[in-house]
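Inside the fold
Here are the chains, one letter per residue:
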Amino acid sequence: MAAIRLGLIGDHIARSQSPRLHVLAGRLCDLNVTYDRLIPADIGMDFDAVFDRCAREGYRGINITYPYKETVVPRLEVPDPLTASIGACNTVLFGDGLPQGHNTDFSGFAAAFRASFGDVSPGAVAMAGAGGVGKAIAFALARLGARELRIYDMDASRARALAAALAATGVPMQTSVAESIAAAADGSDGLINCTPIGMAGHPGSPFPADAMQGPAWAFDAVYTPVDTEFLQGAGAAGLTVMSGWELFFHQGVQAFRHFTGREVDAPALRSALLDLHREAVEG
């Protein structure tokens with residue numbers, strides 16, 4: 001059985017399910033996959049040192065998560081022009097020459113949205129957070145045919161930079177920078193959280209309760225926990241919700257394809273992951 005060494009670099013990833021997904025996918029494809037959590041602060045190295053160690057020690061590839069998806073880009077060759085425009089990568093392949101960067105948050109969100117909501121336009125969308133995952137999802141919304149994107153970030157310069165990057169590609173989606181998350185949400189069809197708010201160690205919701213009145217759907221990029229405070233509030237207000245687990249699953253399947261060149265049986269992988277999740281919850 002072929003052996004493939006993978007890993008994940010990020011902060012606050014102790015509860016990440018990526019190791020489980022890739023190991024299970026490997027078993028379904030008759031591959032011996034190992035997948036390490038690599039937290040720079042815990043290892044006593046900075047990001048660049050951890051990245052270099054992975055390149056040196058025989059990793060086939062690594063995933064990159066918060067807060068390093070933008071930090072990694074100067075280290076990479078990014079073969080896809082649209083991914084280069086996004087300016088963030090979550091999947092890295094090592095080989096001859098520069099490591100190659102991909103963004104399966106972009107393609108994974110588009111796949112998850114279609115699987116959850118069908119062939120409909122996202123409409124006008126309010127998005128909190130313009131960091132690495134926010135960039136990928138913004139470009140995916142354009143690909144999905146969203147009419148409008150209103151971006152709010154506590155660092156307004158990041159929101160403006162994302163709006164400019166979208167405009168530079170000539171996408172028809174109207175894009176604006178909102179002064180507040182409430183202003184972004186007013187009159188919107190969908191709400192998206194692309195901040196760490198709601199994840200383990202970052203409690204709360206990026207959207208106030210009154211912002212839940214009116215939109216039709218909500219998505220939270222956070223998936224640990226799956227049922228975030230934001231999604232609980234959105235569900236209680238009658239919105240159709242898509243959890244960050246769906247993005248996690250679809251981006252993971254696509255990252256596995258990059259890492260291994262194999263097509264995993266996605267329904268079988270989903271079933272195996274959900275079975276393990278239920279066992280963990282129940283026992």
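Attention in this report is confined to the structure presented alongside it. Quick caveat, the model's predicted, so the values are computed rather than measured.

Considerations on the overall build of the protein
- Each helix and strand in the protein was counted, giving eleven helices and eleven strands.
- At 18 Å, the protein has a C-alpha radius of gyration in line with the 19 Å of a compact globule built from 283 residues.
- With the principal axes as the frame, the protein shows a C-alpha extent of 55 × 45 × 35 Å.
- Classification of the 283 residues of the protein by burial places 51% in the buried group.
- The long-range share in the protein, meaning contacts at least 24 apart out of those at least 6 apart in sequence, stands at 68%.
- Total accessible area on the protein stands at roughly 12200 Å², and carbon and sulfur atoms take up 51% of it.
- The positive charge centre, built from 21 side chains, and the negative charge centre, built from 30, are 4 Å apart in the protein.

Observations regarding the sheet that holds strand 6 (residues 124–128)
- Taken in spatial order, the six strands line up as 8-7-6-9-10-11 in an open sheet, and their pairing is parallel. The two strands at the open ends of the sheet, each matched to only one other strand, are strand 8 (174–177) and strand 11 (240–242). The mean inter-strand angle of the sheet, taken between neighbouring strand axes irrespective of direction, is 15 degrees.
- Direction of pairing for strand 6 relative to strand 9 (residues 190–193): parallel, over a ladder of four bridges. Residue pairing in the sheet places Ala126 in a bridge with Leu191 of strand 9.
- The strands that helix 5 (residues 104–117) touches are strand 9, strand 10 (217–220) and strand 11; relative to strand 11, the one it contacts most, it runs at about 145 degrees.

So, the side chain of Asn63
- Within the element layout of this structure, Asn63 appears in strand 3 (residues 61–64).
- Owing to a relative accessible area of 4%, Asn63 belongs among the buried residues under this scheme.
- A distance of 2.7 Å separates the side chain of Asn63 from the side chain of Tyr35, its partner in a polar contact.
- Separated by 3.1 Å, the side chain of Asn63 and the backbone oxygen of Asn90 make a polar contact.
- Sequence-distant contacts of Asn63, defined by excluding residues within four places in its chain, comprise Gly7, Leu8, Ile9, His22, Tyr35, Asn90, Thr91, Ala255 and Phe259.

Remarks on the nonpolar core
- Grouped together as the largest cluster of nonpolar side chains are 35 residues, with contacts concentrated most on Phe109, Met127, Ile137, Leu141, Leu149, Ile192 and Phe219.
- Counting residues per element, this core draws most heavily on helix 6 (residues 132–144), which supplies nine residues.
- When sequence neighbours within four positions are dropped, the list of residues in contact with Ile137 reads Phe109, Met127, Ile192, Cys194, Phe219 and Leu247.

Notes on the layout of surface pockets
- By volume, the largest pocket is sized at about 910 Å³.
- Along the walls of the largest pocket sit 42 residues, with Thr65, Tyr66, Lys69, Val133 and Thr195 positioned nearest its centre.
- Secondary structure elements with two or more residues in the lining of the largest pocket: strand 3, helix 6 and helix 10 (244–260).
- If one sorts the elements of the lining of the largest pocket by residue count, helix 10 sits on top with four residues.
- When its residues are assigned to classes, the lining of the largest pocket shows 22 nonpolar, 13 polar and seven charged.

With respect to the packing of aromatic side chains
- On inspection of all chains with the given rule, the structure shows twelve aromatic pairs.
- Between Phe113 and Trp217, the ring centres sit 5.3 Å apart and the planes meet at 75 degrees, which makes this aromatic pair edge-to-face. With Phe113 in helix 5 and Trp217 in strand 10, this residue pair connects regions lying 104 residues apart in the sequence.
- Measuring from ring centre to ring centre gives 5.5 Å for Trp245 and Phe249, while their planes differ by 10 degrees; the resulting arrangement is stacked. Residue Trp245 and its partner Phe249 are located together in helix 10, separated by four residues, close to a single helical turn. Just as Trp245 is buried, Phe249 falls in that class too.
- Among the aromatic side chains, those forming a connected cluster through ring pairs are Phe109, Phe113, Phe117, Trp217 and Phe219.
- The ring centre of Phe249 lies 4.6 Å from the NZ or CZ of Arg270, which sits over that ring.

So, how was this worked out
Residue numbering note: each chain is counted from 1, following its sequence as written. At least 70 in pLDDT is required for a residue's local features to be given in this predicted model, at least 80 for side-chain atom pairs to be given and counted, and no such filter applies to totals for whole chains, interfaces and linings, which use all residues. To obtain the side-chain values, all non-hydrogen atoms of the structure were included, while hydrogens and water were left out. Think of it this way: any DSSP run of H or I at least four residues long counts as a helix, any run of E at least two long counts as a strand, and we number them from the N terminus. The reference for a compact globule is 2.2 Å times residues^0.38; the radius of gyration itself is calculated from the C-alpha atoms. Exposed residues in this analysis have more than 50% of their type's maximum accessible area, buried residues have under 20%, and partly exposed residues fall in between, with area computed by a 1.4 Å probe over protein chains only. By definition, residues are in contact when any of their heavy atoms lie within 4.5 Å. Per-residue and other accessible areas follow the Shrake-Rupley method at a 1.4 Å probe size, with only the shown protein chains counted as cover for residues. Neither His nor the chain termini are counted; the positive set is Lys and Arg, and the negative set is Asp and Glu. Charged side chains are reduced to one point each, which is NZ for Lys, CZ for Arg, CG for Asp and CD for Glu. At least two bridges found by DSSP between two strands is the condition for calling them paired. Each axis is a line fitted through C-alpha atoms, and for a helix only the stretch in contact is used; angles between axes span 0 to 180 degrees, taken between their N-to-C directions. Under this definition, polar contacts are N or O atom pairs within 3.5 Å; protein pairs additionally need one hydrogen-donor-capable and one acceptor-capable atom, and for neighbouring residues in sequence, both atoms have to be side-chain atoms. Grouping buried Ala, Val, Leu, Ile, Met, Phe, Trp, Tyr and Cys residues that are joined through side-chain atoms within 4.5 Å yields what is termed a nonpolar core. As defined here, a cavity is a set of points on a 1 Å grid over the protein atoms alone where a 1.4 Å probe fits but cannot get out. A pocket is an open set with protein on both sides within 12 Å along at least five of seven lines, and residues line them when an atom is within 4 Å of a point. Grid points are joined across faces, edges and corners, and a volume is the space filled by probe spheres set on the points. Only Asp, Glu, Lys and Arg are considered charged, only Ala, Val, Leu, Ile, Met, Phe, Trp, Tyr, Cys and Pro nonpolar, and every remaining residue, Gly among them, polar. Any Phe, Tyr or Trp ring, taking Trp's six-membered ring, that has another such ring centre within 6.5 Å forms a pair; planes under 30 degrees apart are called stacked, those over 60 apart edge-to-face, and the others tilted. A ring is considered to have a charge above it if a Lys NZ or an Arg CZ atom is located within 6 Å of its centre and within 35 degrees of its normal.

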